[in-house]
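This is what each chain is made of:
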Amino acid sequence: MTKFDYIEMKLPAKSDYVSVARLTTSGIANRMGFDYESIEDLKVAISEAATNVVNHAYQEKEKGEILIGFAIYGDRIEVMISDRGESFDINEIKHDLGPVKNVKKADELREGGFGLFLINALMDKVEVNNKYGVIVHMTKYLDGVGVDNGDKATTS
C-alpha cells in the first residue's frame, strides 16, 4: 500500500469560501514542488469544482458544505471535492465535453457550463461519482508523470 498524507477540510458552500480552497491548494502544491503553471491549473480546477457545489448542489435555503480532501503522494496530488446536493447525469455532461468547436464566436458563448470542461483540461485525471451527491476526484502529477492522454473524465 502506498503511503500518503491526507488533509481534509470542510467549508460552508458559499462563494466567500472558494478562495480558502484556492489558497490551501496553492500552499499544498507549492510545498510538494509543483511549478507555477501547475499550481495555477490546480487552483482553477479546484475553484471550478467548489463553485459548482456553491451554485448547483444545494437549494437556496439549505445550508450545505463542501468537503475537500487532498491526498499527497510523492509523485502526485489527488483532490476530492464532494457535496451532498443533487446529482447530475454525468453521461449527459460528458456528451458536451471536449474541444471547443469553432461554431460560435467567444463572445457568443453562454456564461457558465465550462466548469467540467476546464477541470478535465487542467487535470491529468478526472473522475465523477454521483451516487450520493457529487464527488469530483482529480489527479495532477508532478512533472506530467503518469499523464493519461485518453478520455480523462470517467464516472463510477
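Reading guide: rules and limits
- Residues numbered from 1 in each chain as written.
- Predicted model: local features only at pLDDT ≥ 70, side-chain atom pairs only at ≥ 80, totals over all residues.
- Heavy atoms only, no water.
- Axes fitted to C-alpha atoms, helices over the stretch in contact; angles between N-to-C directions.
- Helix = DSSP H or I, 4+ residues; strand = E, 2+ residues; numbered from the N terminus.
- Parallel < 35°, antiparallel > 145°, perpendicular 65-115°, else oblique.
- Left-handed = near helix turned anticlockwise from the far one by under 90°.
- Contact = heavy atoms within 4.5 Å.
- Buried < 20%, exposed > 50% of the residue type's maximum accessible area, 1.4 Å probe, protein only.
- Core = buried A, V, L, I, M, F, W, Y, C linked by side-chain atoms within 4.5 Å.
- Salt bridge = Lys/Arg side-chain N within 4 Å of Asp/Glu carboxyl O.
- Expected span 1.5 Å × (residues − 1).
- Phe/Tyr/Trp six-rings, centres within 6.5 Å; stacked < 30°, edge-to-face > 60°.
- Lys NZ or Arg CZ within 6 Å of the ring centre and 35° of its normal.

A.B. asks: Explain the packing of helix α1 (residues 18–32) against helix α2 (residues 36–56) here, please?
C.D. replies: Angle between the axes and distance between the axes: these two values describe a pair of packed helices. Direction vectors running N to C along α1 and α2 enclose 150°, while the axes themselves pass 9 Å from each other. As far as their axial angle goes, α2 and α1 are roughly antiparallel. Pair α1 / α2 crosses with right-handed handedness. Between α1 and α2, the residues in contact are V18, A21, R22, T25, S26, A29 and N30 and I39, L42, K43, V44, I46, S47, A50, T51 and V54, respectively.

A.B. asks: Would you mind going over the environment of T51 with me for this structure?
C.D. replies: Examined against the element boundaries, T51 turns out to sit in helix α2. Its relative accessible area of 28% is what places T51 among the partly exposed residues. Sequence-wise, T51 and A13 are 38 residues apart; in three dimensions their C-alpha atoms are separated by 8.4 Å.

A.B. asks: Which parts of the structure should I look at to understand the nonpolar core?
C.D. replies: Most often, soluble globular proteins have nonpolar side chains that are buried together. Ranked by internal contacts, the top residues of the largest apolar core, which has 35 residues, are I68, I81 and M138. In terms of residue count, α2 provides more of this core than any other element does, eight residues in total. Aside from chain neighbours lying at most four places away, what touches M138 is A45, I46, A49, I77, E78, V79, I81, I119, M123 and K125.

A.B. asks: Help me understand the pattern of salt bridges, please; the structure alone is not making it clear to me.
C.D. replies: Pairs can form between side chains of opposite charge whenever their charged atoms are close. A complete count under the given rule lists five salt bridges for this structure. We note a salt bridge from R76 to D75, for which the minimum N-O separation is 2.9 Å. Using a relative accessible area of 16% as the deciding quantity, one classes R76 as buried. What makes D75 partly exposed here is its relative accessible area of 31%.

A.B. asks: Before we go on, may I ask you to explain α2 in this structure?
C.D. replies: Its 21 residues place the ends of α2 30 Å apart at the C-alpha level, agreeing with the 30 Å of an ideal helix rising 1.5 Å per residue. Where α2 is buried, its residues meet α1, β2 (65–72), β3 (76–83), α4 (115–122) and β5 (134–141).

A.B. asks: So what exactly am I meant to see when it comes to the packing of aromatic side chains here?
C.D. replies: Aromatic ring pairs: the centre-centre distance and the angle between the two ring planes describe each pair. Scanning all chains against the criterion turns up one aromatic pair. Taking 4.9 Å as the distance between ring centres and 35° as the angle between the ring planes, the aromatic pair formed by F4 and Y73 counts as tilted. Within this pair, whereas F4 is found in the segment before β1 (5–12), its partner Y73 is found in the loop between β2 and β3, the two being separated by 69 residues in sequence. The class for Y73 is buried, based on a relative accessible area of 14%. Above the ring of Y73, the side-chain terminus of R76 is found at 3.8 Å from the ring centroid.

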